[in-house]
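Below are the chains, spelled out letter by letter.
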Amino acid sequence: MTNILDTAQRPAKSATVPTTPTALITPTNSNATDGIIGIASNAAANQAATDQAATTNHFNHREKQWILYDVGNSAFVLLSTAVIPIYANSLLKAAGESNIVSTWGYMQTIASLIIALLMPILGSIADVQGMKIKFFIGFFGTGVLACCAMALPLGWIAFLAVCMLATIGLNGSLTFYDSMLIDTTTNDRMDQVSSHGYGWGYVGSTIPFIACIALIFAGPSAFGWSTTACTRASFVITALWWTAFTIPLISGYHQTHYRETADHMHDAVRGTFAELGHTFREISRNKPLWMFMIAFFFYIDAVNTVISMSTSYGTQLGIDSTQLVLALLVTQFVAFPCAIAYGRLAKRFGCKPMIMAAVIAYLGIVCFAAFFLRSATEFWILAILVGMFQGGIQALSRSYYGKIIPKSHANEYYGFYDIFGKTASILGTFIVAATTSITDNPSLGVLSIGLLLAVALVLLILQRDPATASETAA
């Protein structure tokens, strides 16, 4: 059996994806309408539909369109977790390089830094009426085109550069997508809608992923293609899936919360830095908000680092690739009902308590990965545990933040949210990469994530929860 690690050196007649018992297996961590519902009458009708849906367990048309983007982008997230690092490793090996964990970690760090620097500025501009969807389309389009470009015959440096561009496009689009949640539904439904987004994203992403893996395994014998060609084709399949499930959101989205309209782009840009300064001062005066943001910085570090480093960590441990692929699929299916259940539990017990429960669970998972993950059996246990909690913490963090920020400046606030999230990714991936390089022991890098989770838990315990008052006011 040939594996993807060998694809840069020789074609294969049958393929197995070189996998590894990843200590960091993660679920992945995304009807054309009659027109854009931008006129007041349509906006009122849609608000009425939202209010009606709020009394039931059903989703209205706008909520479904929003959820579908999670289904689309999650396909790329899953491919980035399971296949792309392995393919990149094959290119590195062909060029005489060996340390995929460090190289992949540094690439993810640079991509996260770029997003962290861009998002507050672009987010402030996007809070102007009509701008949010334009920025969303720009980043989404960049991500899709870069995903297709990865199918070109590139050397390892060029491939990682294009992959970094795709990662920037994905994460940039997600910042604007997350802030669209406040335009899509009401405060009391945010947990449920956000959780369903992650839940359906997990299960929906497995459809193109299974197709891609089937092509990589069976393509050489069925079509006479090399394993390399089949792997590259999987990038195009993923880009098409991502695009198909984004069209409904683009066609039907309407920005209902915004600051004053600007007729021209320069009008929007003119006040951006003043707005950023004002927002920063407002955050610094709001103790519950900034305490949550700092706690989020620490615990999302673990989440994002697990997503970006899982397969490369597992590859370096040397666990069979078939085990990795199957465990990733199981993780997705476990994450689907668990993410949705988290939304329902948040309605009963509160959003913040459920976030804290996930942080505690994740602390145990990281310690298990660092100290005990050595065999395929432990790898499967870890995969199932991660599937149970990761979607919940991501979904509820997104909705909790949306409840406690000013709606008219949502994109700007989500830009700061992204600074904390992406800077945490920079710290996490850098710590893992640097520690692995220095000690030649990936487990020590994994263990550092546990300390960050412990700090986050203390901050969450000390923070006063403002979400209940926010929901009452809404």
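Model, not experiment: these values are computed from the prediction.

(A) Fine view of the nonpolar core. Judged by nonpolar contacts, the single largest core of 119 residues is most densely connected at Tyr299 and Ile355. By residue number, the principal contributor to this core is helix 6 (residues 156-184), which donates 14 residues. Apart from residues lying up to four places away in sequence, isoleucine 355 is in contact with Phe292, Tyr299, Ile393, Leu396, Ser397, Tyr400 and Leu460. Within the second largest apolar cluster, 5 residues are counted, among which are Tyr198, Tyr202, Ala335 and Ala339.

(B) A look at helix 5 (residues 131-149). For helix 5, built from 19 residues, the straight-helix expectation of 27 Å at 1.5 Å per residue is met to within 8% by its first-to-last C-alpha distance of 27 Å. Inspection of helix 5 places Met131, Lys132, Ile133, Phe135, Phe136, Phe139, Phe140, Gly143, Val144, Ala146 and Cys147 among the buried residues, and these make up the whole buried set.

(C) How the structure looks around the confidence of the model for the protein. On average, the protein scores 76 in pLDDT, and the residues at 70 or more come to 73%. Within the protein, the element-level pLDDT minimum falls on strand 2 (residues 15-16), averaging 35, and the maximum on helix 8 (residues 227-244), averaging 94. Counting interchain partners and residues more than four positions distant, the pLDDT-below-50 stretch residues 1-56 has 200 contacts.

(D) Inspection of the packing of aromatic side chains at higher detail. Across all of its chains, the model carries 22 aromatic pairs by this definition. Among the aromatic residues, those joined into a ring-pair cluster are Trp66, Tyr69, Phe76, Phe136, Phe140, Tyr177 and Trp242.

(E) The arrangement of the pattern of salt bridges in detail. Tallied over the full model, the rule gives 5 salt bridges. Salt-bridge contacts for arginine 189 lead to glutamate 63; the nearest nitrogen and oxygen are separated by 2.9 Å. In this pair, arginine 189 is assigned in the loop between helix 6 and helix 7 (190-223) and glutamate 63 in helix 2 (residues 61-82), connecting sequence segments 126 residues apart. Neither arginine 189 nor glutamate 63 differs from the other in exposure class; each is buried. Ionic pairing is found between lysine 403 and aspartate 191, a salt bridge with its closest N-O pair at 2.6 Å. Residue lysine 403 is located in helix 15 (residues 376-403), and its partner aspartate 191 is located in helix 7; the two are separated by 212 residues in the primary sequence. We classify aspartate 191 as buried; its relative accessible area is 7%. The network of salt bridges with shared partners includes Asp70, Asp178 and Arg398.

Each value, and the rule that gives it
- Residues numbered from 1 in each chain as written.
- Predicted model: local features only at pLDDT ≥ 70, side-chain atom pairs only at ≥ 80, totals over all residues.
- Heavy atoms only, no water.
- Core = buried A, V, L, I, M, F, W, Y, C linked by side-chain atoms within 4.5 Å.
- Buried < 20%, exposed > 50% of the residue type's maximum accessible area, 1.4 Å probe, protein only.
- Helix = DSSP H or I, 4+ residues; strand = E, 2+ residues; numbered from the N terminus.
- Contact = heavy atoms within 4.5 Å.
- Expected span 1.5 Å × (residues − 1).
- pLDDT = per-residue confidence, 0-100.
- Phe/Tyr/Trp six-rings, centres within 6.5 Å; stacked < 30°, edge-to-face > 60°.
- Salt bridge = Lys/Arg side-chain N within 4 Å of Asp/Glu carboxyl O.

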